[in-house]
Amino acid sequence: MANILPAKTKYRKVHKGRNRGMAKGGDTIAFGDFAIQALERGKCSASQLEAARVAINRHFKRRGKVWMRVFPQKSVTKKPAETRMGKGKGAVEYWCVIVKPATILFEASGIPESMAREAMRLADGKLPFKCRFVVREGVESL
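Each value, and the rule that gives it
Residues numbered from 1 in each chain as written. Predicted model: local features only at pLDDT ≥ 70, side-chain atom pairs only at ≥ 80, totals over all residues. Heavy atoms only, no water. Pairing = 2+ DSSP bridges. Helix = DSSP H or I, 4+ residues; strand = E, 2+ residues; numbered from the N terminus. Axes fitted to C-alpha atoms, helices over the stretch in contact; angles between N-to-C directions. Contact = heavy atoms within 4.5 Å. Salt bridge = Lys/Arg side-chain N within 4 Å of Asp/Glu carboxyl O.

### Observations concerning the sheet that holds strand β1 (residues 34–38)
Phase 1 of the analysis: With antiparallel pairing, 4 strands are arranged side by side in an open sheet as β3-β6-β1-β7. In this open sheet, the two strands that pair with only one neighbour each are β3 (65–68) and β7 (131–135). Averaged over neighbouring strand pairs, the angle between their axes works out to 20 degrees when direction is ignored.
Phase 2 of the analysis: Bridge analysis of β1 against β7 gives 5 bridges, and the strand direction is antiparallel. In the sheet register, Ala-35 faces β7, and the bridge partner there is Val-134.
Phase 3 of the analysis: Packed on one face of the sheet, helix α2 (residues 113–126) meets β1, β6 (104–109) and β7 and runs near 30 degrees to β1.

Rendered as structure tokens:
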């Protein structure tokens, strides 16, 4: 399984920050006809995102097209177990994406709605927060 991470960043280690408010952008369907939208806030690691993407693609069996609308560009650091306090910030453990409510995570098109709904349900099981299935306005269900 290929690990999703940024090719280059200005700083390797970043502050934790706060995850407050609703999604400022990326909260509408832009590319496909069907999408999965986050209902809760949270942190989604690159491996969780990749697992969800693989689940969608496996269910589609190479039909249709999938867009991943979020990218893990925040590093999460961790110090080794049983280490004394101090001595600086820990090494980068994994990369994650900060998700706010209403963020569109994955989009799909070129497949029937029933197939898209099931694929997104499988992807939802891989993600650490609740999501819902959304359909673009004007798309007729097959």
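### So, the pattern of salt bridges
Phase 1 of the analysis: What the rule picks out here adds up to 5 salt bridges.
Phase 2 of the analysis: Asp-33 serves as the salt-bridge partner of Arg-136, at 3.8 Å between the closest nitrogen and oxygen. Taken together, the residues span a long stretch of sequence, with Arg-136 in the segment after β7 and Asp-33 in the segment before β1 at a distance of 103 residues.
Phase 3 of the analysis: Linking Glu-113 and Arg-117 is a salt bridge whose minimum nitrogen-to-oxygen distance equals 2.8 Å. Of this pair, Glu-113 and Arg-117 both sit in helix α2, 4 residues apart, which is roughly one turn of the helix.

Scope: geometric values only; no functional claims are made or implied.
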